Amino acid sequence: MQKDSVLYQELREVINEKKSLRNPLIEILHKAQDIFGYLPPEVQEFVAEELNMPVNKVYGVVTFYNAFTMKPRGKYVINVCTGTACYVKGAPRIIQMLTEILGVELGETTEDKKFTLTAVRCVGACSLAPVFVIGDDTYGRIETRAQLQGILDKYLKDEV
Ligand code: FES
């Protein structure tokens with residue numbers, strides 16, 4: 001992507017707005033990920049150049065925090081909780097069913113770029129275990145494949 005594209009212009013504006021903060025890097029990287037959907041090397045280089053810092057430092061932060069990804073993500077990220085309560089109540093089965101329905105493994109994105117499947121630690125909704133989160137929506141106590149499919153269908157049709 002050209003560095004004069006609309007997305008890079010938007011990122012440049014964010015950087016100019018934030019760079020006088022004390023520690024702007026993490027906030028800028030979050031915004032960059034919102035803009036591009038992920039943080040490929042060229043975006044990291046751009047941030048490093050604009051902030052006048054070594055690209056290694058940016059790379060170090062991107063790889064340290066789970067919230068950042070260098071791989072493109074789907075439109076909807078399915079975060080399956082694998083915390084203890086959810087694990088005990090069936091998270092492995094939820095993951096198994098989702099991998100079968102979506103045809104991807106954990107950490108992968110579907111070919112149509114609609115869904116990315118990931119595992120996360122406790123999301124604080126243990127009473128609903130097993131839990132998974134898509135965007136701002138939390139789903140719990142899902143037991144059957146049909147229930148799961150029903151939820152995914154809403155996202156497939158963008159009815160959310
Ligand atoms: S362990 Fe899954 S929400 Fe707490």
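What you are looking at is a predicted structure, and each value in this text was computed from that prediction instead of being measured. (Residues numbered from 1 in each chain as written. Predicted model: local features only at pLDDT ≥ 70, side-chain atom pairs only at ≥ 80, totals over all residues. Heavy atoms only, no water.)

**Brief notes about the confidence of the model for the chain**
Here is the rule we go by: The predictor attaches a confidence to each residue, called pLDDT, with possible values from 0 through 100. Numbering of helices and strands runs from the N terminus; a helix is a DSSP stretch of H or I covering at least four residues, while a strand is a stretch of E covering at least two.
On average, residues of the chain score 93 in pLDDT, and 98% of them reach the 70 mark or higher. No element of the chain has a lower mean pLDDT than strand β2 (residues 115-120), at 92, and none a higher one than helix α5 (residues 84-88), at 97.

**Quick look at the domain arrangement of the chain**
In plain terms, the rule: Bear in mind that the domain bounds are from an automatic or database domain assignment.
In terms of domains, the chain is made up of domain 1 (6-64) and domain 2 (76-156). Relative to domain 2, the C-alpha centre of domain 1 lies at a distance of 30 Å.

**Digging into the environment of Ile-78**
Rules: Exposure categories follow from relative accessible area, calculated using a 1.4 Å probe and restricted to protein chains: below 20% of the type maximum is buried, above 50% is exposed, and the middle band is partly exposed. Whether two residues are in contact is decided by their heavy atoms: any pair within 4.5 Å suffices.
In this fold, Ile-78 is placed in strand β1 (residues 76-81). Exposure remark for Ile-78: the relative accessible area of 0% places this residue in the buried category. C-alpha separation for the pair Ile-78 and Gly-107, spaced 29 residues apart in sequence, amounts to 9.9 Å. Apart from the residues lying within four places of it in its own chain, the contact partners of Ile-78 are Leu-98, Leu-102, Phe-115, Thr-116, Leu-117, Thr-118, Phe-132, Val-133, Ile-134 and Leu-152.

**Looking at the pairing of β1**
Quick reminder of the rule: Criterion used throughout: strands pair if DSSP finds at least two bridges between them.
Across the six residues of β1, six count as buried, placing the element largely inside the fold. Judged by which residues are buried, β1 turns out to be covered on both faces: Tyr-76, Ile-78 and Val-80 on one side and Val-77, Asn-79 and Cys-81 on the other are all buried. As paired elements, β1 and β2 share six bridges and run parallel to each other. From the neighbouring strand, Val-77 faces β2, where its bridge partner is Thr-116. Inspection of the sheet shows β1 paired to strand β3 (residues 131-134) by three bridges, in the antiparallel sense. By the bridge assignment, Ile-78 is partnered in β3 with Ile-134.

**Structural notes on the nonpolar core**
Where we set the bar: Working definition of a nonpolar core: buried Ala, Val, Leu, Ile, Met, Phe, Trp, Tyr and Cys residues. They are joined through side-chain atoms within 4.5 Å.
Counting residues in hydrophobic clusters, the biggest one holds 20 residues, and the most contacted among them are Leu-11, Leu-29 and Val-47. When contributions to this core are tallied by element, the ones reaching two or more residues are α1 (6-18), α2 (25-36), α3 (41-51) and α4 (55-64). Take this core: its biggest share by element is six residues, from α2. Sequence-distant contacts of Val-47, that is, excluding residues within four places in its chain, are made with Leu-11, Ile-15, Leu-25, Ile-28, Leu-29 and Val-58. With 19 residues, the next largest nonpolar core counts Val-80, Leu-117, Phe-132 and Leu-152 among its residues.

**Details of the sheet that holds β1**
Using the following cut-off: To get an axis, fit a line to the C-alpha atoms, keeping to the stretch in contact for a helix; angles then go from 0 to 180 degrees between the N-to-C directions.
Strand order across the open sheet formed by four strands is β2-β1-β3-β4, with mixed pairing between neighbours. Whereas interior strands pair on both sides, the edge strands pair on one side only; in this sheet they are β2 and β4 (137-140). With strand direction ignored, the average angle separating the axes of adjacent strands in the sheet is 20°. Its contacts with the sheet put helix α6 (residues 91-102) on β1, β2 and β3, and the angle it makes with β1 is roughly 155°.

**Some words on unusual backbone geometry**
Put simply, Ala-129 and Pro-130 share a cis peptide bond, and its omega is 0°. Its place among the elements puts Pro-130 in the loop between β2 and β3. Phi is positive for Asn-52, close to 60°, though the residue is something other than glycine. Residue Asn-52 is classed as exposed on the basis of its relative accessible area, which comes to 72%. Its identity is not glycine, yet Arg-141 carries a phi of approximately 50°, on the positive side. One can find Arg-141 in the loop between β4 and α7 (145-156).

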